[in-house]
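So you can see what is in the structure, the chains are spelled out below.
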Amino acid sequence: MVDFLTYFPQALTPINLLVLVLGVIGGLFLGATPGLSPTMAVALLVPFTFHMEPATGLVLLGAVYTATVAGGAISAILINIPGAPANIATLLDGHPMAKQGQAQKALYYCFISSLVGGLFGMVIMIFFTPPLAEISMEFGPSEMFWIAVFGISVMAGLTSGSVLKGLIGGMFGLLISVIGFSPMLATPRFVFHDVLTGGVAIVPALIGLFAIPQVFSLMETSHKLTNDVEFKPQKGILLKTIKENLSHVKALSIGSVVGSIIGVIPGAGGQVAGLIAYDQVRKFSKNPQSFGTGNPEGVAAAESANNAMVGPSLIPLLTLSVPGSPTAAVLLGGLLIHGLFPGPDLFRSHADVTYTFIASLVLAQFAMCIFGILMARYSHSVMKVPDLEMAAAVTVLAVFGTYSVQNSFDDVIVMFSLGTLMYIGRKVGFSAAPVVLGIILGAIAEDNFLKGKLIADTDVGVLHYFFTGSLNLIIIALCAASVGYSVFSEARQYKKAKARARAKEAGS
Amino acid sequence: MKGNKLFTRFALVALAVTMLLACSVPAMAEGYPDKPVSMIVTYSPGGATDFQARLVTMMAGDDKYLGQPIVIINKPGAGGQVGWNWFVQKGSKDGYTLATYNVPHFIAQSIVYPTKYDINTFEPVGNWGADPAVLIVPKDSPFNNVKDLVAYAKQNPGKITVSGAGMYVGHHIAALQLMKAAGIKLTYIPEKGGVPAMQSVISGKVKAGFNNLSDAFRNQDRLKILAIADLERHEFLPKVPTLKEEGIDVDNSSVNYRGVVLPKGAPPAVIAKLAEVFPKMFNDKKVKAKMKASGSPEKVMTRDQVIKMFKERQVYLEGLLAELKKKK
């Protein structure tokens, strides 16, 4: 902490501040572009830092990382396309809010919650790096497998309404995740067409599942020219929103804590932090039914979680050179080119650079919030676009975002196919979030199970390997609690509905 | 009316000719390159290959070299197969699409799997790095040298787990070579890249691992490095013996060579130009300094040297993998 304060002023040199502000503004725009995930944005910028001072280069990368994570929420809220997997949970309530004419408020919520979560994550990182680094190394194949199972247990809760449909959607996602080469033996599976050799990449699936059904439903109603909701800038709501937002202590604290924990686990990444936090907040809420219909608490939970993840995901990176998220993996490159090798040395012989970097991450949180709120003031103009033009614009963005990930038209085909399927699915009550969760977690679960089994077979046996060890048992208990609670609350709602029906009968 | 139609037809032909001309212009090396060149990296952003590819091409925009920047496109999947298949099948052949290669990965894959590529579909233009595989064990491991590990493996066949960056990558080849040369059985655990494989060893989830010398070098405080799978000791780790010195007959076939290729069918003039420029660019003072600072072992080789190396590896790997292939 003393070191942190000693080097803090170095982050405030004019050049570092300039780079910070530019990085944040650029990052917000990059993040808002579908398909340009934080990982891509940081990877694009790493070469630019070759020619900079080490500290300045890292300030740029840190600022862009922070801002792109939050920027992804802009497209999620305004046009229902998550900028990155991390923003799926934001969209569940953020987009309904925007449709009700509260886009600006939703965005304020998003940036304020991001700031709260982000700062929480940074504090965790500054104070608890050494113990958390050790914990992060405890996560091996068996623990990661159970983490994935825990994520799967969240699926049921992501469909407002039917648990069964959520689970079926999730299973469909898991099935998609096995397309391509198997991780251990590299045998091709379900490769019906050349397009599928590499499996279904996450960003095309994400854009297809969310954006394409959106385009279709926009077209359904596009002949109606009148909008029921009037979109105009909401003046003077900033202070009120800040107050209101900060009063959602429960959503913000659950989001921040869950995000920080997931950030520390190497490999899990922030992709699922938002969704898991969202589910927890919903479970602890007094009226879980309001989630998914434009409840600002949902936005607060999701955004605080995925920004809280940023700081802690750097802990295993800076101390053990094990990145906690895909983006942190790219940041590793940014460190290495300046000869900064992660490890204790980073905090001793290179303390000036390291602490400047950490300080700039803290400052970037504030800059992100301020510029994000400034941008949010113009959000109403996006919502005012007539449906017809919106459908065309979203299609263009969807194709652009999908193609730009790896300059591949195959991905565009995958995106449209999944999107069309999802449109039909949506008509019969399925939602996209469990499918995406299935695609992300299926790969993690399968890979780690097979790896764990290989290791266990040489040693203690599969059962023993997966069911002993305190960390395994804790995560298993969490899984059981999560499933148990879902069943319990479903049963309770069923009973309530029955009681209501009976009361009605008795009344009539 | 008729004249009008004729004019339309003429205009169409003229347009077609112009377009054809426009297409064929890049085929000539004259003025090549006149726009940014893209380079396919077959692994995800942040990996060692991606990072080094970005580093060694950072000077491409300089007029001394290409005068145009090189844009990296990541096409990861199936240990590199997705990217390389795309590169030879769908990539443009006009010299504006390059790819990075990893030996022995792509050669081993082309032997074991029905890939669209092999050493004959690539036109190498230069090699920038050589990263030998090193045998590592956790800090608190009972194995202090290769002999300990081999002795234990002889007593307990298959009980030693060895992590590596995936199937048929350099680390896997090194593990296969070690098993064959020492007459032992190990359980190879393929991971999704070098970083998770390294993590498994540091945290003691596996008993040993083969990993990149560069990554092991950066993590040497948290590991024991037993041996290096190369012909000579390495300047980064002068105290680590080669497997040969430890009495195990393993050569340098698993060394991970990284470089740049054009697809077969690229204009010869472009191949010649890049083959001349790239080794020079890799030898640039700035590039060399950054490679060294980041702990990435550099080895610059020319087109002819790379072609020779490809052929040698092909022959050796066919022999080593023949038994595995038969089992399938």
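Cut-off values and rules
- Residues numbered from 1 in each chain as written.
- Chains lettered and ligands numbered in written order.
- Predicted model: local features only at pLDDT ≥ 70, side-chain atom pairs only at ≥ 80, totals over all residues.
- Helix = DSSP H or I, 4+ residues; strand = E, 2+ residues; numbered from the N terminus.
- Rg over C-alpha atoms; globule rule 2.2 N^0.38 Å.
- Buried ≥ 20, exposed ≤ 12 C-beta atoms within 10 Å, placed from the backbone.
- Contact = placed C-beta atoms within 7 Å.
- Domains from an automatic or database assignment.
- Nonpolar A, V, L, I, M, F, W, Y, C, P; charged D, E, K, R; others polar.
- Pairing = 2+ DSSP bridges.
- Axes fitted to C-alpha atoms, helices over the stretch in contact; angles between N-to-C directions.

Q: Hey, could you run me through the overall build of chain A in this one?
A: Helix and strand counts for chain A come out as 23 helices and two strands. The C-alpha radius of gyration of chain A comes to 23 Å, within 12% of the 23 Å expected for a compact globule of 508 residues. With the C-alpha coordinates aligned to their principal axes, the bounding extent of chain A is approximately 80 × 65 × 50 Å. Expressed as a percentage of the 508 residues in chain A, the buried residues total 58%. Put simply, 79% of the contacts in chain A that link residues at least 6 apart link residues at least 24 apart.

Q: Whenever I open this one, the domain arrangement of chain B confuses me. Can you help?
A: Interface size is often expressed as the accessible area that is lost when the parts come together. Residues and elements named next belong to chain B. On domain assignment, one finds that chain B holds domain 1 (31–131 + 255–327) and domain 2 (133–228). Taking only C-alpha atoms into account, the centre of domain 1 sits 27 Å from that of domain 2. Ranked by residues supplied to the side of domain 1 that touches domain 2, first place goes to helix 4 (residues 105–112) with four residues. Partitioning the side of domain 1 that touches domain 2 into residue classes produces seven nonpolar, seven polar and one charged.

Q: What is the right way to look at the sheet that holds strand 10 (residues 256–263) of chain B in this model?
A: Through backbone hydrogen bonds, the strands of a sheet pair up, either in parallel or in antiparallel fashion. Residues and elements named next belong to chain B. The sheet built from six strands is open, its strands ordered 2-1-3-10-4-11 with mixed pairing. Each having just a single partner strand, strand 2 (70–74) and strand 11 (298–301) make up the two edges of the open sheet. Across the sheet, the axes of successive neighbouring strands diverge by a mean angle of 25°, strand direction being ignored. Relative to strand 10, strand 3 (residues 97–103) runs antiparallel, the two being bridged by five bridges. Across the sheet, residue Ala 99 finds its bridge partner in strand 10, namely Val 261.

Q: Teacher, can you tell me more about the interface of chain A and chain B here?
A: Listed as interface residues are 40 residues of chain A and, on the opposing side, 36 residues of chain B. Listed by contribution, the elements that provide at least two residues to the side of chain A that touches chain B are helix 3 (38–45), strand 1 (180–181), helix 15 (326–336) and helix 21 (432–457) of chain A. At six residues, the largest contribution of residues to the side of chain A that touches chain B is made by helix 15 of chain A. Taken together, the residues that form the side of chain A that touches chain B break down as 23 nonpolar, 15 polar and two charged.

Q: Any chance you could explain the pairing of strand 3 of chain B here in plain terms?
A: The side chains of a regular strand alternate between the sheet's two faces. Summarising burial for strand 3 of chain B: seven of the seven residues are buried, a large majority. Burial along strand 3 of chain B is two-sided: Thr97(B), Ala99(B), Tyr101(B) and Val103(B) facing one way and Leu98(B), Thr100(B) and Asn102(B) facing the other are all buried.

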